Amino acid sequence: MPFCVKRVRVWNDREELVAEIVDNHQSQRRIDFGVVLSTRSLRIEVEHPSALVPAALLEVRCYGG
């Protein structure tokens, strides 16, 4: 999909990279950390799909384990 964000990075409150998606082509993604992640905040970086298409993040859901 040409409008999908190609790369996503998720950082915790200690500036540690906790998840990364590269070469994405899906409009909806689920990230399972595999372990319970204890953090006060998450920072999500998305990369523009192309020079003519802005990056967009429409929804984030977080669930406790």
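That block above? That's the structure.
Calculation criteria
- Along each chain, residues carry numbers from 1 onward, in the same order as the chain's sequence is written.
- Whole-chain, interface and lining totals are the exception, using all residues; otherwise, since this is a predicted model, local features are given only for residues with pLDDT of at least 70 and side-chain atom pairs are given and counted only at 80 or more.
- Hydrogens and water are ignored here; the side-chain numbers use all heavy atoms of the structure.
- For every residue, the accessible area obtained with a 1.4 Å probe (protein chains only) is divided by the maximum for its type, and the residue is called buried under 20%, exposed over 50%, and partly exposed between those limits.
- Secondary structure elements follow DSSP: runs of H or I no shorter than four residues count as helices, runs of E no shorter than two count as strands, and numbering proceeds from the N terminus.
- Only residues whose relative accessible area exceeds 30% and that form no salt bridge enter a patch; like-charged residues are grouped when within 9 Å of one another, and nonpolar side chains (Val, Leu, Ile, Met, Phe, Trp, Tyr) when within 5 Å.
- Method for areas: the Shrake-Rupley scheme with a 1.4 Å probe, in which residue coverage is limited to the protein chains shown.
- One side-chain nitrogen of Lys or Arg within 4 Å of one carboxyl oxygen of Asp or Glu is enough to make a salt bridge.
- For two strands to pair, DSSP has to find at least two bridges joining them.
- Axis definition: a line fitted to C-alpha atoms, over the contacting stretch in the case of helices. Angles run 0 to 180 degrees between N-to-C directions.
- Whether two residues are in contact is decided by their heavy atoms: any pair within 4.5 Å suffices.
- Polar contact criterion, stated in full: a pair of N or O atoms within 3.5 Å, where within protein one must be able to donate a hydrogen and the other to accept it, and residues adjacent in sequence count only if both atoms are side-chain atoms.

*Asks:* Account for unusual backbone geometry, naming residues and giving values.
*Replies:* Phi angles above zero are rare outside glycine, and Glu15 is one such case at about 60°. Given the relative accessible area of 49%, Glu15 is considered partly exposed. Notably, Asp23 is not glycine yet its phi reads approximately 55°, a positive angle. Residue position: Asp23 is located in the loop between strand S2 (17-21) and strand S3 (43-46). On the basis of relative accessible area, Asp23 is assigned to the exposed category, the value being 69%.

*Asks:* I'd like a description of a nonpolar patch on the surface, backed by residues and values.
*Replies:* A cluster of nonpolar residues, Ile31, Phe33, Leu42, Ile44, Val46, Leu57 and Val60, forms a patch on the protein surface that exposes about 510 Å² of accessible area. Structurally, Leu57 is set in the segment after S3.

*Asks:* Lay out the sheet that holds S3 in plain terms, naming residues and giving numbers.
*Replies:* If you walk across this open sheet you meet the three strands as S2-S1-S3, and the pairing is antiparallel. Two strands lie at the open edges of the sheet, namely S2 and S3, each paired on one side alone. Put simply, the sheet's adjacent strands are angled 15° from each other on average, direction ignored.

*Asks:* Outline the environment of Cys4, listing residues and values.
*Replies:* Tracing the backbone through its elements, the reader meets Cys4 in the segment before strand S1 (8-11). For Cys4, a relative accessible area of 3% translates into the label buried. Linking Cys4 and Glu20, residues 16 residues apart in sequence, is a C-alpha distance of 15 Å. Those residues in contact with Cys4 that sit more than four places away from it in its chain are Asn24, His25, Gln26, Ser27 and Pro49.

*Asks:* Give a detailed account of the pattern of salt bridges, specifying residues and quantitative values.
*Replies:* In total, this model carries eight salt bridges according to the counting rule given. Each of Asp13, Arg14, Glu16 and Arg40 takes part in one network of salt bridges that share partners.

*Asks:* Tell me what's going on with the side chain of Asn24, and back it up with residues and numbers.
*Replies:* Within the fold, Asn24 resides in the loop between S2 and S3. Residue classification places Asn24 among the buried positions, given a relative accessible area of 5%. A polar contact is formed between the side chain of Asn24 and the backbone oxygen of Val5, at a distance of 2.9 Å. Not counting residues up to four positions away in its chain, the partners in contact with Asn24 are Cys4, Val5, Lys6 and Arg29.

Function-wise, these values are silent; they only describe arrangement.
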